[in-house]
Structure formats: C-alpha cells, structure tokens
There are 2 protein chains.
Amino acid sequence: MRNVRLDICYDGTRYQGWQRLANNPNSIQGKIETALSRILEEPIEISGSGRTDAGVHARGQVANFHCESEMSCEEILEKLQTYLPEDIGIDSCKEVSPRFHARLNAKEKTYEYRVWNSTRPCVFERRFVTVIPESLDVESMDRAAQEFLGTHDFSAFCANKNFKKSTQRCIKTFEVQRHGEEIRFRVTGNGFLHHMVRILVGTLIEVGRGERQPEEMTNLFGQKREMAGFLVPGKGLCLEEVRY
Amino acid sequence: MRNVRLDICYDGTRYQGWQRLANNPNSIQGKIETALSRILEEPIEISGSGRTDAGVHARGQVANFHCESEMSCEEILEKLQTYLPEDIGIDSCKEVSPRFHARLNAKEKTYEYRVWNSTRPCVFERRFVTVIPESLDVESMDRAAQEFLGTHDFSAFCANKNFKKSTQRCIKTFEVQRHGEEIRFRVTGNGFLHHMVRILVGTLIEVGRGERQPEEMTNLFGQKREMAGFLVPGKGLCLEEVRY
C-alpha cells in the first residue's frame, strides 16, 4: 500500500466543516474522499491533521491516505484539481513513508483569527473575518495572550465538557496585532482542544473590551468552561500551517 | 440641492456591471440608487466616475448625487451600510461643492489587473484573478507596457467600433510585476475607453507568450480593433482609485 500526503487549502464558507459524518453530506473530507475514490477506482479514506469546524478555512491543512493504485502523484494531483470545486485547492500531492500519519505525527499547528474592527468588513475580505465594531485595546489583548504561553490545563477552553483525555496543551507563541482596521490573533501550539482557539480569542476580546484583566488569564487554567470567554464565530478562523 | 460624494468598493462577481439599464436589473448603480431612494424618501440618481463591466471589481469607485433631504451624511452612510448587500461597501459619504461631478471632474484613474499564472488560483483569491497557466515573460510584458506611456490614439483598444468621440488618451504609468504565482498589471491614465484596460492587458499577454514583440506596440496607435490583442475576462480587473 502506498501512503500519500496532500497539502490542502479551502475557503470553508460553504461547508459544514472538515469531518465527514453520516449527517453531514457537505464536508471537505467527504468532497476529497469522493473525488479520490473516483480517480483511483478504489475506496479511499483520508486522515486530516485535525478537524476544522463549519465555516473555518485552511491555508495549510494536511491529510494522508493509503491506496493500491499505481497512478503517479502528478496525475492524482491534476485530476483532483479538475474534480474538486474551486473553493478546495490541493497545493501538493506526494508519496511519503508508510508510517506518516497526518494527525498522529503533527507536532505543531498555527491558527490565525481575523477580526474586522469596524462596522462593515472590506468587501474583499468579508468571508474570512468576523466583524466586531467596538473599540478594543490591542495592547492589553496581546499582553493577556502572553499569559497563555507554556503548558497548562486548558479545560476551560474546551467545548466538550465530558472530555475524558488530557486537556493539557502547550502554547508556543500567541500574537495579537492590529493591521489597519483588522486585528489578527496568531497562535501556535502542540495541539488544540475542540473550539480552543475560538474560546481563547473570545476571552481575549473580553480583555480588549476591559471586562477582564490580562493578569487574570492564569486563573482560568484547570477551570470549567463557564469561567472562560465567549465562542467567536468560525468564519474568522484559518488553519495556517501544520508542522511535522 | 445638496451634492453628496460616495466612495464605494465592490466585489463585482454577482453583478452585471456598474450601470443601471432597463435590461439589467442587477447593477451596482441600481442597488445603490434603490437603497438611497428608500433612505432619503426621494428619487435619487447617482453618477459614477465611470462604468465598470460585468464581473469587474472596485476598491475606489466614486459617485455623487443630489438630494433635497437634510439627513446628515453620517446617518446616510450608516443606513446605506445596513441596506446594501455585503458585496457592496460604502467607505465614505460626504457633502461636496455643488459643482463636483464624479465623472466629469475625474482627472486620473488607476486600474489593476490580476493574472494567476498557474493551473489553479489560490482558493482565497479565485474571484479576483484570471487564470492563465502558460509561461509568460514578465520582463517583456513590462517593457511593452512602457511603449504605451504618453498621449496616443487608442482606437485599436476600444470595444466600440463606431465611437464618434476622440480615442486619444494619456497613459501615465503602466507596471507589470510578478508577485509569486500572480502577475499584476497596474495602469494609471487620464481616462480609458470601453474595454481599453482589458484589451491592453490581452495584448501584453500575447507579448508575454512571445507572439508579439514589445517594440511593435507603437504600431498599434490609430489602428483598428482587430490589430490589438484579445479581451481578457472581467473578473481579474479592479478599479483601484479615481483622482480629482
């Protein structure tokens, strides 16, 4: 069996997220699996580096799949680009070692969250930003973001209340910067819990509004979901890169 | 009568161009006039700095209109932003001198044309670029573009074969640059004939393919339409700025 790695980008606007599920006919994983199964004439299942929620985008999603087919990677790539809708792009397709697994081997991921800090988003960016018109203190938000660095119990930032496994994660860098009318939250960590990035950003926005203080962030480690901030919408989030 | 100026941006993908016409219910001008007439409770007609074709975008379109209403510009702006669809944005609304006319007073316009020079466009830019996968010689195209600078008879670059007025126009700057997989054509002039930018870009692309030589460009002045290159699609074009 060959093992093939795909580097994938998508505009998630039209999709109900990455994961193929019986009740989700409109997933990115499903679209790619259907196309691959048709191209290779064998049933294909792909493993993504992780799920992305409904409306979330990716510039650097990674997935792998096993196949019997001997079709060259160049041909698979060309056919995939033809069969897939224009909001899903395949940046590369290459054979990798049989032991490579896109999810299990992922060492680090970077996400970016984009807030449009004015009443209406730029028409060209509207699908990729969340509008929050109120005044936000970017410097406080960036200071608060630094409090999350390191390995901590992020239980308060996990949507799944009955999560049985460890909620410890390590955040390596977390930057909050203004670019004109836009505020970008860029975070890199060894892994993220369900909704973790969106709850972290929601909590920082509450800091930006003055409802929380930066130095209170460390009080949230090991707490219940209710203690952390609100969940920001999916459309502002993009999976930028996965490192192995 | 007050005279009000609007600075407008739009993603032209869904529209049949700027101009309201009896047989075009889906124009940007029409959308804005309908919204303004409802907000101000009087019939409003707007004059744009110029028409943009179906599928063409704008970051810096300018228009003006006259009204009796005494509603403040802040209120007009806020209501317009609420009533207009999310692919039309109003960046500013302000009262101007009674003599200002968006089309007649325009001194200079800048357009940008974006070519995605690879098989598939980036999923995030796909609405704003035209895909031309063949190898193109950017240096030759930029050299050819310089041949258009100055005041010349651009009859060969005008879609309207029976155009009665002068086809003389002055091009001030014209740059062709590669940015990764993208090639950007940026042109500034005192005005442009119907389809002129798109035929100029089509002619330069024929230079980029080696089908024309840069020094042949000056032979096209005062010629018939057939002598110039092909018309590139509207979706790669954006009206960037209008100066007064």
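Residues numbered from 1 in each chain as written. Chains lettered and ligands numbered in written order. Predicted model: local features only at pLDDT ≥ 70, side-chain atom pairs only at ≥ 80, totals over all residues. Heavy atoms only, no water.

**So, the overall build of chain A**
We count it as follows: Working definition: helices are DSSP H or I runs of at least four residues, strands are E runs of at least two. Numbering for both runs from the N terminus. The size measure is the radius of gyration over C-alpha atoms, and the globule rule it meets is 2.2 Å times the number of residues to the 0.38 power. Here's how the labels work: a residue is buried when its accessible area is under 20% of the maximum for its type, exposed when over 50%, partly exposed in between, all with a 1.4 Å probe on protein chains only. It only takes one pair of heavy atoms within 4.5 Å for two residues to be counted as in contact.
Along the backbone of chain A there are four helices and ten strands. What you see in chain A, going N to C, is helices and strands ordered as β-α-β-β-α-β-β-β-α-β-β-β-α-β. Taking 244 residues into account, the globule formula puts the C-alpha radius of gyration at 18 Å, and chain A, at 19 Å, falls close to it. Overall size of chain A, expressed as C-alpha extent along the three principal axes, is 60 × 40 × 30 Å. Among the 244 residues that make up chain A, the fraction classed as buried is 57%. Intrachain contacts of chain A at a sequence separation of at least 6 include 71% that bridge at least 24 residues.

**Concerning the relation of the copies chain B and chain A**
Rules: In superposing the copies, a least-squares fit is computed on C-alpha atoms, taking residues whose pLDDT is at least 70 in both.
Aligned on chain A, chain B shows an RMSD of 0.0 Å; the corresponding rotation is 180 degrees and the shift along the axis is 0.0 Å. The superposition of one copy onto the other is thereby described by a two-fold rotation axis. With an isologous cut-off of 70% or more, the 100% of interface residues of chain B that recur at the interface of chain A puts this contact in the isologous class.

**Thoughts on the interface of chain B and chain A**
The cut-off we apply is this: Reported buried area values correspond to the accessible surface (1.4 Å probe) lost by two parts on association, with both partners' losses combined. A pairing counts as a salt bridge when a side-chain nitrogen of Lys or Arg comes within 4 Å of a carboxyl oxygen of Asp or Glu. Distance and chemistry together define a polar contact, namely a pair of N or O atoms within 3.5 Å, with one atom able to donate a hydrogen and the other to accept it when in protein, and with adjacent residues in sequence counting only for side-chain atoms on both sides.
Contacts between the two partners involve 21 residues from chain B, matched on the other side by 21 residues from chain A. Summing both partners gives a buried area of about 1800 Å² for chain B against chain A, and 53% of it is carried by carbon and sulfur. Taken together, the links from chain B to chain A amount to four salt bridges. With a closest N to O distance of 3.3 Å, Arg126 of chain B and Glu86 of chain A form a salt bridge. In this assembly, chain B and chain A are joined by twelve residue pairs in polar contact (both at pLDDT 80 or more). Where the side of chain B that touches chain A is concerned, the elements lending two or more residues are β1 (2–10), β3 (57–67) and β4 (88–96) of chain B. The element best represented in the side of chain B that touches chain A is β3 of chain B, accounting for three residues.

**With respect to the confidence of the model for chain A**
For clarity, the threshold we go by: pLDDT measures how confident the predictor is about each residue, on a scale from 0 to 100.
Across chain A, pLDDT averages 96, with 100% of residues at or above 70. Interface confidence for the predicted complex, given as ipTM, is 0.78, next to a pTM of 0.87.

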